[in-house]
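# Results of the structural survey
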Amino acid sequence: MTVSLHWFLPTGGDGRTLVDRHAYTDGGIKRDRITPVSGVRAPDIEYLTQIAKAAEQLGFEAVLTPTGTWCEDAWLTTVALAQHTERLKFLVAFRPGVISPVLAAQMAATYQRITRGRLLLNVVTGGDSTEQRRFGDHLDHDRRYARTAEFLSVVKGAWSGRPFDFAGEHYQVDGALTALPPDPLPEIFFGGSSAAAGPVAAAHADVYLTWGEPPAAVKEKIDWIRRLAEEEGRTVRFGIRLHTISRDSSREAWATADRLLGDLDPETIAAAQQALGRSESVGQQRMLALHGGSRDKLEISPNLWAGVGLVRGGAGTALVGSHAEVADRIEEYHELGVEHFVLSGYPHLEEAYWFGEGVTPQLAARGLLSTVPASPLLSVPAANGRPASAPGGAPLLVAGGR
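Counting restarts for each chain, with residues numbered from 1 along the sequence as it is written. In view of the model being predicted, local features appear only for residues whose pLDDT reaches at least 70, and side-chain atom pairs are presented and counted only at 80 or more, with totals across whole chains, interfaces and linings using the full set of residues. Note: side-chain values were computed over all heavy atoms of the structure, leaving out hydrogens and water.

Orientation of helix α6 (residues 197–204) relative to helix α7 (residues 215–231), taken along the N-to-C sense of each, is 55°, at an axis distance of 8 Å. The angle between α6 and α7 places the two elements in the oblique class. Regarding α6 and α7, the two cross each other, and that crossing is right-handed. Between α6, through Gly198, Pro199, Ala201 and Ala202, and α7, the contact on the second element is made entirely by Trp224, Ile225, Leu228 and Ala229. Each residue is assigned to one class: nonpolar for Ala, Val, Leu, Ile, Met, Phe, Trp, Tyr, Cys and Pro, charged for Asp, Glu, Lys and Arg, and polar for all the others, Gly among them. Of the residues that constitute the contact of α6 with α7, the class distribution is 7 nonpolar, 1 polar and no charged. With axes taken as lines fitted to C-alpha atoms, and helix axes fitted only over the stretch in contact, angles between N-to-C directions fall between 0 and 180 degrees. Under the scheme used here, helices are H or I runs from DSSP no shorter than 4 residues and strands are E runs no shorter than 2 residues, and both carry numbers assigned from the N terminus. The cut-offs work like this: below 35 degrees is roughly parallel, past 145 is roughly antiparallel, 65 to 115 is roughly perpendicular, and the gaps in between are oblique. For any helix crossing, the convention is left-handed if the near helix is rotated counterclockwise from the far helix by under a right angle, and right-handed if that rotation is clockwise. Between two residues, a contact is recorded if the distance between any of their heavy atoms is within 4.5 Å.

A few words now on the pattern of salt bridges. Working definition: two side chains of opposite charge can pair if their charged atoms are close together. Whenever Lys or Arg places a side-chain nitrogen within 4 Å of a carboxyl oxygen from Asp or Glu, that contact is recorded as a salt bridge. Tallying each qualifying case throughout the model produces 12 salt bridges. Its salt-bridge partner being Asp328, residue Arg366 comes within 2.7 Å of it at the nearest N-O pair. One end of the pair, Arg366, is in the loop between α12 (348–365) and β16 (382–383); the other, Asp328, is in helix α11 (residues 323–336), with 38 residues separating them in the sequence. The buried label goes to any residue with under 20% of its type's maximum accessible area, the exposed label to any with over 50%, and the partly exposed label to all in between, with areas taken from a 1.4 Å probe on protein chains only. Classification of Arg366 by relative accessible area gives partly exposed; the value is 27%. Of the charged contacts, one joins Arg366 and Glu331 as a salt bridge, the two residues approaching to 2.8 Å between their closest N and O atoms.

A separate point is helix α3 (residues 101–115). Every α-helical turn comprises 3.6 residues, leaving residues that sit three or four positions apart pointing alike. Helix length check: α3 (15 residues) gives 21 Å between terminal C-alpha atoms against 21 Å at 1.5 Å per residue, within 8%. Burial in α3 covers these residues: Pro101, Ala104, Ala105, Ala108, Ala109, Tyr111, Gln112 and Thr115. Buried residues of α3, viewed axially, fall in a sector of 160°; they line one side. The N-terminus of α3 is capped by Ser100, whose side-chain oxygen sits 3.1 Å from the backbone nitrogen of Val102. The length a helix should cover is 1.5 Å for every residue beyond the first. The arc under discussion is defined with respect to the helix axis, by the directions toward the C-beta atoms. For the purposes of these results, a polar contact is taken to be a pair of N or O atoms within 3.5 Å, where, inside protein, one atom must be able to donate a hydrogen and its partner to accept one; residues adjacent in sequence count only when each atom of the pair is a side-chain atom.

Given below as structure tokens:
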């Protein structure tokens, strides 16, 4: 079993800090400003294209896009980026409760034909009632997962190639069908740490995604989902969502992590923790428990740093270390059964190069990659041991940022 590497598209904005990264400065809450603030890279198509092309060149299989009112629409953005790339896949995050499942099935089928089979689906049930209500969704946490199960049943039925009827609590459809089923069928990525999420993953997910917890906790979740899937007569694969800070030496990597913390004052951390603490997501609560809101002892496991989660929702941990150390940790998770690694870093363009040029060769040397991308820097003259296009180890291909 080899690993599949994926990167992240910052469709809400990017930057060199953990705070004030969003082009929509209020995160989509007040909508009183929609122009980029100083030091933030707007998620325009030119900058996102740079990231997508870099990810493709560096050998990443796919890029994940987020979903929410604070970022650009994932479907529209990625189908546009597909026209600027050749083989890169797009892991499109979407909320199943806000569109018809038959429409979603049709969109996916069209997407596959337009991109020649480059769609992956990331189903985000939603753990924040406040945001869900912005979409007109007023179901509570557990009922949202019950609806997701029905949604995915209808989607798969509509892809079957024959009329599909369904009568459930949340959906009733007669003769659901897409004109042509998608080819290939998009793989479904799904995450959720609550008791309500587990059975949905077991019945419908191709890949179960967890956020980056210590290996022992990840193993518990894998064992849990694997057991539920066996009861359904299914096999589920596993993925993990992490940030990365990989450098030529461990000292350089930890210095970068410390610099990210340097922008965070106690008031900013306290406000973020208060807001994140209101989330209904069990996974989010598990992220918060890793650091307890404190800047002390953020290395919660070897090379696993919880500093991102002090101010950021969702994935709150990063692999920090030398290229070899980061590869060690990936290998450790892989030995537990993790195949898909969905990675990111700040800024996303530079960190893609740090990882792709530093860690990917390490993984290839260990036999963990099925294919090894050709170096994008072949035939480029070197200076002082570094390619001319990458001064200091990371290319400075930026747009609208500092």
